Structure formats: structure tokens, C-alpha cells
Amino acid sequence: MTETDRATTLAAEPSEHTDPDLAKADLRRVGAHPDHWYPVALSRRVRAERVLAATFAGERIALFRGKSGDVHALEDRCAHRQMPLSMGVVEGETLRCRYHAWAYRGDGRISQIPYLAKGDRRPPRGVRGYPVREAYGLVFVFPGDPRRAAATPLPHLPAFGSPRYRTMTYSRTVRCHYSFMHENLLDMNHQFLHRGVVGRLHPELLGYEADERSVEARYLFTHTGGKRNRSAGLLAAEGLGGGTADVMTIRTEYPYQTLDLVPENAERPAFRLWAAYVPEDAEQRTCHAFGLLMIEKPGIPGLLQVAWPFIRRFTERVFAEDRMAVEAEQRAWDEQGEDRNHEVFPLILDVREVLRRNGVPLPARAAACAGAALCDGARLPDGVRGQE
């Protein structure tokens, strides 16, 4: 069997994390599956020969860009005294701990312990190295089984880099379980929340499809009155030959989410959104939302350039209102210790099943903390012991 065949087989096989009991689990206690590529930083923030701290579900990761320009991702601790390697120094293609100067290669192996003689005993291994890729202005890591990384594709974004589109990038921390973000974007019946920004919108669900890994919904949006932010019109190509009705297609394809908006009478999307919600803490009650908003360039030269800061302000206002809502949902879950939502929308019930089916159980320690608003990682309920 070739390496390519082996990688393809691994990608097709059920993961070791698969758990049939997840079908009955509280979704807010289900973790993001690690066997996918997750963005953990903006590429521009990982500067030449510098180190940047990142996280995935409580795993601390040190990102560093070597002299060659390549980015490496290591477990953020020195094997010696557990000092964060994100505090270290880059030398060529190695990362040196700032405490005792142990040096690590990009794969996590120890390359030098400067004060040891040539024949002295050395540790058998260094620290974990993560598969890492750069794409779309983001740094992606593969936090799961590294044997699956080569066969697992990055998201495909044909509009990114297209001369027809210009991309606006978002990077924000949201204090909620990632599932609330998927539900928020898919359930467009919450437009009352945004009435002060977009006016009165009537969303009509045209239909949706669901399978084991994805849910895709199509809405017809009609503006029925009220003051609409001018930037919303520019974003949806209104006033440039468009109409008042838009078709919006939203898709959760685990673990990512996309949104395309096609104005009335238009041939292609006025904008396309790609988003990933990356858990930060071990309890996965906080996530980092990375978004790429690809906006079609209008026929009038320079118009998008002028409108850019206004579109940014408009989208930030909408996102702030959504963040307020999902963080309120998370606080209610924290206070109640369980999911007491009375969901009635079949679309959302289906996306919950997709997220539950494709996720992984949270570790015992994290699950215990997830039900305790004041859990500090040391105090656990009686009879519960954290996994080492």
C-alpha cells in the first residue's frame, strides 16, 4: 500500500474518537473533532523569526516562522521545565526556549541542549509538532491524528483571490460553545435582532437539505420596510442594478460554515462568507471566530475602495449583535448546567444532529468544568477526577 493509499484509507475510516453515545449527548458537552484543519491565527501575525501563542480546545500551541518563511507549530511547552515555547527565540528553523536554551526543530524534536556534552544522556523525544499549512491569509493546524492530515483537504474557497472579489478578514473571540455560532447563522429567523441595522427583513425558508455531515438552507430575503443601513445595500449590490429580494444559501459542512448571497437579477453572489469557529478552552465554552467575507467588486471603479470602511463598520455592528445573543445563550447554559432550549425549527434540530454526530466527547475533566460556572480547573465535583 502506498503512502497516498494509506492516507486515503485513514481519511475514510471512522476516527478513534467516534462515540455512538454522542447521539444522546448534550450538544454543548460535545467537542469539536480534531481531525480537521482549523485556523488558529492570521498569517500576518506570525511575523518573520517571531513566535505567536495560539490555542485549540485547551491545547496551547506555539507558532513560529523560520528564516525560510515556513511556519511551524509546536506544543507550547518545553520538555525540560514546561516553560512556554511561545516565549522563546527563533534561530533559523529552530525555536529555542528562553529558560535553558533547549532548541527544537519544526517537528518538535530536540536539536540541541547547549550545556550537555556530546556523550551525555538526552531525553528520548521533544514535544508534539502539529501539521501546519498556510492558506487564505490564515495559519491552519491539524490537532488530531497527524496520519490523517495529508488526506484531509483544506476548505476550498474559489472566490478568495479571484479578481472579481475582494476579501475582508475577521478574527474575534466569542464566549460561547461553537455550536451556538452554527445555529445563529443558519437560523435566519432572528432578523428582528438586527432591525436597527438592516430594517425589516422577511426571511422565507425555500427549503433545506441535510445529510450526516452537512446541512444547507436556502432563504428568500425581502426588505419590507424600515431604515436600511446604506452599507448593507452596497454589500448586497443594491443600487447597482440589483433588486429588493435576495436569495441566501447557508451551509454547515462540518466543521466549517459558508453563506452566499445572490441579489435579485444577479448571476453570481454579491458576497460569499466562509467561517470557522475554533474552540479555545478545554471546556469549549469560548471559541475564536475566523471569517473571510469575499465581496464582489462593482462595475464602478473605486466604489468598493470608498465603501470598504463603511461595510466593515456595518458588518461589525451585525456581528456585535449576534455575539451578544450567543453569549447570552452560553450564560444561560452555564447557569442551568444543561441545555433547556425548546427548539422547534427542524433545520436547527438537524444541524444539531450533524454537530453532535461529527463531534467528540469532551475529556472527563473538561466536561466536569463545563457544568460548573466557577470551575477553575482544580475544583471538581465530588467523585470526579480529571484525566492526566
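Below is a short write-up of the structure. (Residues numbered from 1 in each chain as written. Predicted model: local features only at pLDDT ≥ 70, side-chain atom pairs only at ≥ 80, totals over all residues. Heavy atoms only, no water.)

**With respect to the overall build of the protein**
Next up, step 1: Secondary structure summary: the protein contains seven helices and 20 strands in total.
Next up, step 2: Taking all 388 residues of the protein together, the buried fraction comes to 47%.
Next up, step 3: Counted over contacts in the protein with a minimum sequence separation of 6, partners at least 24 positions apart contribute 61%.
Next up, step 4: Total accessible area on the protein is roughly 19,700 Å²; 50% of this is exposed by carbon and sulfur atoms. (Helix = DSSP H or I, 4+ residues; strand = E, 2+ residues; numbered from the N terminus. Buried < 20%, exposed > 50% of the residue type's maximum accessible area, 1.4 Å probe, protein only. Contact = heavy atoms within 4.5 Å. Areas by Shrake-Rupley, 256 points an atom, 1.4 Å probe, with all protein chains shown as cover.)

**Some thoughts on the pairing of strand β2 (residues 38-42)**
Next up, step 1: Counting buried positions along β2 yields five of five residues, so the element is predominantly enclosed.
Next up, step 2: Note that β2 and strand β12 (residues 138-141) share four bridges and pair antiparallel. Its bridge partner lying in β12, A41 is registered against V139. (Pairing = 2+ DSSP bridges.)

**Description of the packing of helix α2 (residues 178-186) against helix α6 (residues 346-358)**
Helix-helix packing is characterised by the crossing angle of the two axes and by the distance between the axes.
Next up, step 1: At a closest axis distance of 10 Å, the pairing of α2 and α6 adopts a crossing angle of 150°. With respect to α6, the element α2 is oriented roughly antiparallel. The handedness of the crossing between α2 and α6 comes out as right-handed. Where α2 abuts α6, its residues S179, H182, E183 and L186 lie against L347, I348, V351, R352 and L355.
Next up, step 2: A breakdown of the residues in the contact of α2 with α6 according to their chemical character gives five nonpolar, two polar and two charged. (Axes fitted to C-alpha atoms, helices over the stretch in contact; angles between N-to-C directions. Parallel < 35°, antiparallel > 145°, perpendicular 65-115°, else oblique. Left-handed = near helix turned anticlockwise from the far one by under 90°. Nonpolar A, V, L, I, M, F, W, Y, C, P; charged D, E, K, R; others polar.)

**Examining the sheet that holds strand β10 (residues 129-130)**
For sheets, the rule is that strands pair by backbone hydrogen bonds, running either parallel or antiparallel.
Next up, step 1: Taken together, four strands build an open sheet; the order of strands is β3-β4-β5-β10 and the sheet is antiparallel. Two strands lie at the open edges of the sheet, namely β3 (51-56) and β10, each paired on one side alone.

**Here's the deal with the packing of aromatic side chains**
Next up, step 1: Overall, the coordinates contain six aromatic pairs when judged by the stated rule.
Next up, step 2: Both rings, one in Y136 and one in F160, keep their centres 5.3 Å apart while their planes meet at 75°; by these two values the pair is edge-to-face. Here Y136 is found in the loop between β11 (132-135) and β12, whereas its partner F160 is found in the loop between β12 and β13 (165-174), with 24 residues between them in sequence.
Next up, step 3: Residue class for F160 comes out partly exposed when judged on its relative accessible area of 29%.
Next up, step 4: Residues F140 and W274 carry aromatic rings whose centres are separated by 6.2 Å and whose planes lie at 55° to one another, so their mutual orientation is tilted. Placement of F140 in strand β12 and of W274 in strand β18 (residues 271-279) is noted, with a sequence separation of 134 residues between them. Side by side, F140 and W274 carry an identical accessibility label, which is buried.
Next up, step 5: Here a set of aromatic residues connected by ring pairs shows up, and it is made of F140, Y256 and W274.
Next up, step 6: The cationic tip of R312 hangs over the ring face of Y170; the distance from NZ or CZ to the ring centre is 4.6 Å. (Phe/Tyr/Trp six-rings, centres within 6.5 Å; stacked < 30°, edge-to-face > 60°. Lys NZ or Arg CZ within 6 Å of the ring centre and 35° of its normal.)

**Description of the sheet that holds strand β8 (residues 103-104)**
Next up, step 1: Across the sheet, which stays open at both edges, the four strands sit in the order β6-β7-β8-β9 with antiparallel pairing between neighbours. The open sheet has two free edges, formed respectively by β6 (89-91) and β9 (110-112), since each of these has just one partner strand.
Next up, step 2: Looking at chain direction, strand β7 (residues 94-96) and β8 are connected through two bridges and run antiparallel. Looking across to β8, one finds that L95 is bridged to Y104.

**Let's talk about helix α5 (residues 303-336)**
Next up, step 1: Here α5 contains 34 residues, and its C-alpha end-to-end distance of 49 Å stays within 8% of the 50 Å for a straight helix at 1.5 Å per residue.
Next up, step 2: Note on α5: the residue one or two positions beyond its end, G337, has a positive phi of about 75°. (Expected span 1.5 Å × (residues − 1).)

**What about unusual backbone geometry?**
Next up, step 1: Note the cis peptide between Y254 and P255, where omega equals 5°.
Next up, step 2: Summarising the element assignment, P255 is placed in the loop between β16 (245-253) and β17 (256-263).
Next up, step 3: With a phi close to 60°, Y136 is a non-glycine residue in the positive phi region.
Next up, step 4: In the Ramachandran plot, Q284 falls in the positive-phi region, its phi being about 60° despite a non-glycine side chain.
Next up, step 5: Tracing the sequence through the fold places Q284 in the loop between β18 and β19 (287-296).

**Notes on the pattern of salt bridges**
Next up, step 1: Tallying each qualifying case throughout the model produces 21 salt bridges.
Next up, step 2: Linking R148 and D35 is a salt bridge whose minimum nitrogen-to-oxygen distance equals 3.4 Å. Taken together, the positions of R148 in the loop between β12 and β13 and D35 in the loop between β1 (30-31) and β2 put the pair 113 residues apart, joining distant regions of the chain.
Next up, step 3: Here R65 makes a salt bridge to E134, at a shortest N to O gap of 3.0 Å. (Salt bridge = Lys/Arg side-chain N within 4 Å of Asp/Glu carboxyl O.)

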